[in-house]
Amino acid sequence: MITVTGATGNIGRTLVDLLTEAGAEGEEVVAVSRRPRQTSAGSGVRWVEGHVGDAASMRAPLAGARALFIVLGGELNAWGEDPKLLLRAAADAGVERVVLVSSQVSATRPEAASHARLREFEAAVRASGLGFTILRPGGFASNAFAWADMIRAKRTVFAPFADVALPVVDPADIAAVAATALREDGHGGRVYELTGPELISPRQQTAVISAALGEEVTLVELPREEAHAAMARFMPEEAVAGTLDVLGAPLPAELRISTDVETVLGRPAGGFGGWVGRNVPAFR
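About the cut-offs
- Residues numbered from 1 in each chain as written.
- Predicted model: local features only at pLDDT ≥ 70, side-chain atom pairs only at ≥ 80, totals over all residues.
- Heavy atoms only, no water.
- Core = buried A, V, L, I, M, F, W, Y, C linked by side-chain atoms within 4.5 Å.
- Buried < 20%, exposed > 50% of the residue type's maximum accessible area, 1.4 Å probe, protein only.
- Helix = DSSP H or I, 4+ residues; strand = E, 2+ residues; numbered from the N terminus.
- Contact = heavy atoms within 4.5 Å.
- Pairing = 2+ DSSP bridges.
- Expected span 1.5 Å × (residues − 1).
- Polar contact = N/O pair within 3.5 Å; in protein donor to acceptor, adjacent residues only side chain to side chain.
- 1 Å grid on protein atoms, 1.4 Å probe; cavity = no way out; pocket = protein on both sides within 12 Å on 5 of 7 lines; lining within 4 Å.
- Points joined across faces, edges and corners; volume = space filled by probe spheres on them.
- Nonpolar A, V, L, I, M, F, W, Y, C, P; charged D, E, K, R; others polar.
- Phe/Tyr/Trp six-rings, centres within 6.5 Å; stacked < 30°, edge-to-face > 60°.
- Arc of directions from axis to C-beta.

Asks: Looking at this structure, how should I read the nonpolar core?
Replies: Counting residues in each nonpolar core, the largest one holds 30 residues, and the members touching the most others are V4, L15, L19, F69, L135, L182 and L194. If you tally residues by element for this core, the top one is helix α7 (residues 171-183), at 7 residues. Contact partners of L15, with chain neighbours within four places excluded, come to V4, F69, A175, A178, A179 and L182. In this structure, M1, V48, L86 and F132 belong to the second largest nonpolar core, which totals 25 residues.

Asks: Hey, could you run me through the pairing of strand β7 (residues 156-160) in this one?
Replies: Among the 5 residues in β7, 4 count as buried, and that is most of the element. With 5 bridges joining them, β7 and strand β9 (residues 218-222) adopt parallel strand pairing. Note on β9: the bridge partner recorded for P160 is L222.

Asks: For this particular structure, what's the right way to read α7?
Replies: Helical geometry note: an α-helix holds 3.6 residues per turn, so side chains three or four residues apart project in the same direction. Between its terminal C-alpha atoms α7 stretches 18 Å, which fits the 18 Å expected from 13 residues at 1.5 Å a residue. A large share of α7 lies buried, amounting to 11 of its 13 residues. Restricting attention to buried positions, one finds in α7 the residues P171, D173, I174, A175, A176, V177, A178, A179, T180, A181 and L182.

Asks: Is there a simple way to explain the environment of T133 in this structure?
Replies: Within the element layout of this structure, T133 appears in strand β6 (residues 131-137). The buried category is assigned to T133, whose relative accessible area is 3%. Along the primary structure T133 and V191 are separated by 58 residues, whereas in three dimensions their C-alpha atoms are 5.9 Å apart. Not counting residues within four places of it along the chain, the set of residues in contact with T133 comprises V98, V99, L100, A181, H187, G188, R190 and Y192. A polar contact is formed between the side chain of T133 and the backbone oxygen of H187, at a distance of 2.7 Å.

Asks: Would you mind showing me how to read the layout of surface pockets here?
Replies: Think of a ball as big as a water molecule: rolled over the atoms, this probe shows where empty space is left. Of the volumes computed, that of the second largest pocket is approximately 170 Å³. Taken together, N10, R13, T14, S142, F145, D170, P171, A172, W275, R278 and N279 make up the lining of the second largest pocket. Elements represented by at least two residues in the lining of the second largest pocket include exactly α1 (12-21), α7 and α13 (272-279). Here the lining of the second largest pocket takes 3 residues from α13, the largest share from any one element. Its residues placed into classes, the lining of the second largest pocket shows 4 nonpolar, 4 polar and 3 charged.

Asks: Would you explain the packing of aromatic side chains in this entry?
Replies: To describe a pair of aromatic rings, one takes the distance between the centres and the angle between the planes. Evaluation of the coordinates by the stated rule reveals 4 aromatic pairs. When the ring of W275 is compared with that of F283, the centres are 6.1 Å apart and the planes differ by 70°; the resulting orientation is edge-to-face. Grouping residues by exposure puts W275 and F283 together as buried.

Asks: Explain helix α5 (residues 116-127) here, please?
Replies: Between its first and last C-alpha, α5 extends 17 Å over 12 residues, near the 16 Å set by a 1.5 Å rise per residue. Those residues of α5 that fall on the buried side of the exposure criterion are R117, L118, F121, E122, A124 and V125. On an axial view of α5, the arc spanned by its buried residues comes to 165°, and they lie on one face. Residues of α5 that are buried make contact with β4 (67-70), α3 (83-93), β5 (97-101), α4 (105-108) and β6. Directly beyond the C-terminal end of α5, a positive phi value near 85° is found at G129.

No statement about biological role is implied by the geometric values presented.
Right, dumping it as structure tokens:
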């Protein structure tokens, strides 16, 4: 049995599908969410309620699991109980391997307050005594969903640092690497840096979305202060500052295009255009 947290998120949804498609061997997938879905009989997925930040709520979802996928919700980047409690519950349940989604910033900016919570989880996973794989993705292609309302309403994107390019990663590739590490041997103790195959700026991303829609989409560059105020409405202060630091002044290591997706999956990482092609209805 494989327990997947964050099962309704950008990574978790795809991961559940991948594990279910690969479930010919009959291994059950337990999909954990604070708002679990209903499951049709024979789907191979059992949806249950649980929360990564509450180890007691995870005891039932972990019962009988051999592997655990951990991804933190946005609010857990800032608060939550000691992650050692979750790892202890996993060990008590008989879990043998853990795959954790951390962040590239955990390595590139080890003192950044915005990612302190993820560093706590990394340390807890390493100290747990369980087999582990840590995934450190860069920025997500799916962050472009934040533009969807304004693109639908006014065919306009408002974004800071319009011409700063980063190698954003398709969440589907993160899910595929996670599925491999959960199912297959050979990934224990590994840390994979996951990026897309190209550097792409907000202006270039806007052009890709415009081409997919077949309509002009205009980008309006926001000053850092305006972007900070907008993001602070739904993100903790530390996370806002840290995110803007990366978006506006990336370090050389944050500009590096990693080959780890291809190393694990045997195919190149997907580009931003592929992600847009699968999600263009969100922008119509």
